[in-house]
Every structure is written in structure tokens, then in C-alpha cells.
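# Breakdown of the fold
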Amino acid sequence: MEDAGFILGSYFLTFATVALFAWRTVRSGRKLGQQVPDDEKYWL
Amino acid sequence: MTTIDPARAEHETERQPASPPRRSTATRGTRIIGIGAIVALGWLIAFGLGFSPADRDQLESVRILYVHVPTIWLAYLAFIVTAVSSAMYLFSKKKSLGWDRAAGASAEIGVTFVAVTLAVGAMWGRLTWGVFWQWDARLTTTALLFVTYIGYLAVRRLGGSHEQRAKRSAVLGMIAVVEIPLVHFSVKMWRSLHQEATVANLDGDTKMDGLMLFSLFVGVIAFTLLYVWLMLHRTRAMAMEDLLEERGLDDALVARRAEAAATTPPPTSTTTSTTTTGSDS
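Residues numbered from 1 in each chain as written. Chains lettered and ligands numbered in written order. Predicted model: local features only at pLDDT ≥ 70, side-chain atom pairs only at ≥ 80, totals over all residues. Heavy atoms only, no water.

This paragraph deals with the confidence of the model for chain B. Interpretation of this model should avoid reading the predicted coordinates in detail wherever pLDDT is low. Residue and element names in this part refer to chain B. Scored by pLDDT, chain B has a mean of 84; 83% of the residues are at 70 or more. Confidence, expressed as mean pLDDT per element, reaches its minimum in chain B at helix 9 (residues 268–280) with 46 and its maximum at helix 3 (residues 65–91) with 95. Counting contacts from residues 12–16, a segment whose pLDDT is below 50, to residues more than four positions away or on other chains yields zero contacts. Long-range and interchain partners of residues 271–281, a stretch whose pLDDT sits below 50, account for zero contacts in this model, where long-range means more than four residues apart. Listed scores for the predicted complex are pTM 0.81 and ipTM 0.93. (pLDDT = per-residue confidence, 0-100. Helix = DSSP H or I, 4+ residues; strand = E, 2+ residues; numbered from the N terminus. Contact = heavy atoms within 4.5 Å.)

Before going further, it helps to examine helix 6 (residues 162–176) of chain B. All names here are of chain B. The first and last C-alpha atoms of helix 6 sit 21 Å apart over 15 residues, in line with the 21 Å expected at 1.5 Å per residue. Listed as buried for helix 6 are His162, Arg165, Ala166, Ser169, Ala170, Gly173 and Ala176. In a view along the axis of helix 6, the buried residues occupy a sector of 135 degrees, so they form one face of it. Facing away from the buried side of helix 6 by more than 90 degrees, the exposed set consists of Lys167 and Ile175. (Expected span 1.5 Å × (residues − 1). Buried < 20%, exposed > 50% of the residue type's maximum accessible area, 1.4 Å probe, protein only. Arc of directions from axis to C-beta.)

Before going further, it helps to examine the interface of chain A and chain B. With 32 residues of chain A in contact, the opposing surface of chain B contributes 44 residues. Of all residues in chain A, Tyr11(A), Phe21(A) and Trp43(A) bury the most surface against chain B, accounting for 21% of the area lost on that side. Taken together, the connections running from chain A to chain B amount to one salt bridge. Of the charged contacts, one joins Arg247(B) and Glu40(A) as a salt bridge, the two residues approaching to 2.4 Å between their closest N and O atoms. Taken together, the connections running from chain A to chain B amount to five residue pairs in polar contact (both at pLDDT 80 or more). Its residues placed into classes, the side of chain A that touches chain B shows 16 nonpolar, ten polar and six charged. (Buried area = accessible area lost by both parts, 1.4 Å probe. Salt bridge = Lys/Arg side-chain N within 4 Å of Asp/Glu carboxyl O. Polar contact = N/O pair within 3.5 Å; in protein donor to acceptor, adjacent residues only side chain to side chain. Nonpolar A, V, L, I, M, F, W, Y, C, P; charged D, E, K, R; others polar.)

This paragraph deals with the nonpolar core. By size, the foremost hydrophobic cluster in this structure holds 39 residues, and its most contacted members are Leu44(B), Ile109(B), Phe113(B), Phe223(B) and Leu230(B). Going through the elements one at a time, helix 1 (2–35) of chain A together with helix 2 (28–51), helix 3, helix 4 (97–128) and helix 8 (210–263) of chain B are the ones with two or more residues in this core. Considering every element that reaches this core, the biggest residue donor is helix 8 of chain B, with eleven residues. If we skip the residues at most four places from it in the chain, Leu230(B) touches Phe21(A), Ala22(A), Thr25(A), Ile109(B) and Phe113(B). Ala83(B), Leu145(B), Tyr152(B) and Ile180(B) belong to the second-largest nonpolar core, a separate cluster that totals 17 residues. (Core = buried A, V, L, I, M, F, W, Y, C linked by side-chain atoms within 4.5 Å.)

Structure below.
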């Protein structure tokens, strides 16, 4: 049972970090995107 | 039937931006890669926790392998991209800051995933060795790698122009990458508790069950897609950060010049009067 806790914990930790990092990245992109005109965004 | 409050409608109209809506760092390409990464991560959970068999020696704890190895793979990849981008910045004639931003974004991602590798590895160590941490060669060199790239990110945040930032961090990014072979071959160079490479070994002999190897492969693909997705978003966000910073500096310079012009007595009045007098005579 202890094994299950650590195994699931390791998956939870990995996926929670991925989700948090992805959310922060997208949010900062949205906030900055509001301040910069579209014609200055090289990817559009 | 709903009625529209005229006062509210007027307020809503006022809130509408006059300029066209400004778009974020997402594009059609990032959406496709993002969906691909989510699907692959779902497969990783299914294979890692469900379909793949238990190991003969490590039993169920081997399932941690499917997140532990892909996260350190992603970190290695990220740091190699940092080094390559740094070299491209330093040695190219154009000195494009895009290379510098790619190096910085990649290092941020790499540091995050080395931290995950260390934390997940500690959990695996607790199950297999009975302890969370040992000052073992592999663990210690990985911790050193983590601290080095934290230092790299700190150096990027020092003052100066974008060019100064790019130059000093490029030098560090090229030096720091030397630690990757040190981490990878630490298990061969020193006596280590950590197992040797099962897949990426020099003799090319993979000692793994087919379904286990497939699960690991799914993990590597999933995290590589995730890396590409994060890189695209982060480099675009950094380009906007640099642009706004430059604009802020330009605005500050204009304001300072205006302030200086307002406080200094205008020398042009004497000149004008002299010229006028001269022309009159």
C-alpha cells in the first residue's frame, strides 16, 4: 500500500507541475499579448 | 423574453476596446502540438499505471520509471538546446536576440523538470533503497546540474542591456552543458547506488520487456511534445517582455529629456534675437 502512495504521488507531482507550468506560461502570454499590438507579434 | 437595460448596454459598449482584440502566444500550430501532448500524456498514464507489467525485482515501483526517465530526458534536451542557442547567439554574425530568448526559455523548462526528476527520484529511492536521498554520484551530480542552471537563470536577471544579458548568459549556457555527460556517465565513473542506463547505454543492448519499453517510449514522446509546446509559448512571451521593456526604457528617456528641457532656460531666445537684429541691420 505504501508503494501505491509513492507511485501515485510521483505521477501526481509530475502532472501537477506540468499543469501549473503550462498554466503560468499561457497566462503570462495572454497578459503580455494584451499590451503588445498584433502587428509586432512575429508569430501571427 | 429578456429586456435590455439601456444603462447597462451603454456601460458594456464603453468596455469594448477601441482597437482590434490583441492575441496571445497561441497559434493553430501550438494548439495542435498541445492537443498531441495531452493525448500522449493520457496514454502515458494508461500505460504507465495500467497496461505495463510489474518488474521482477522492483515490482510495482518500476512504474515511476515512466515519468522519471522522460522528465530527465526533457531536462537534458532543454539544456542542450540552451547550449546550442547560446552558441548560435555568440558565433552568428547577426547576433539575433531570438537565440538568447530560446536559450533562456529552454533553461527555465529544464530547471523545472530537473526539480521534478529529483523529487520523483527521491520517492523511487524511498521505495527501492529505503531512503529519500543519498549522496550518491548520480544524485549529487543531478543536484549540481539543478543548482548550476538556477545560477544561469539568476545571471539572466542581472541588470544591463539585452545584448549584455545575452552575451554573459550565452557563455554560461555553453559551459554548464558539460555537466550533462558528467551526470549521465556518473554511474559508470563512480560506484553508484543508482542503476546504469537501461536503454541509452553504449553497448546498445536494451534489457527491457517490450511493453515496458513502449510505455517509456510513449513517455518520451509525450514530454518532447510538451517541451516544444512550452518553448513556443515561452519564447513568444519573452519576445513581448523584451519589447515592452525596451518601450518602457524609450518612454522613460523621452520623459527625462522633456523634463530636462523644461528645467533648462531656453538658449534659443538670445540667438533668435541676435539673428533678427543682424538681419534687420
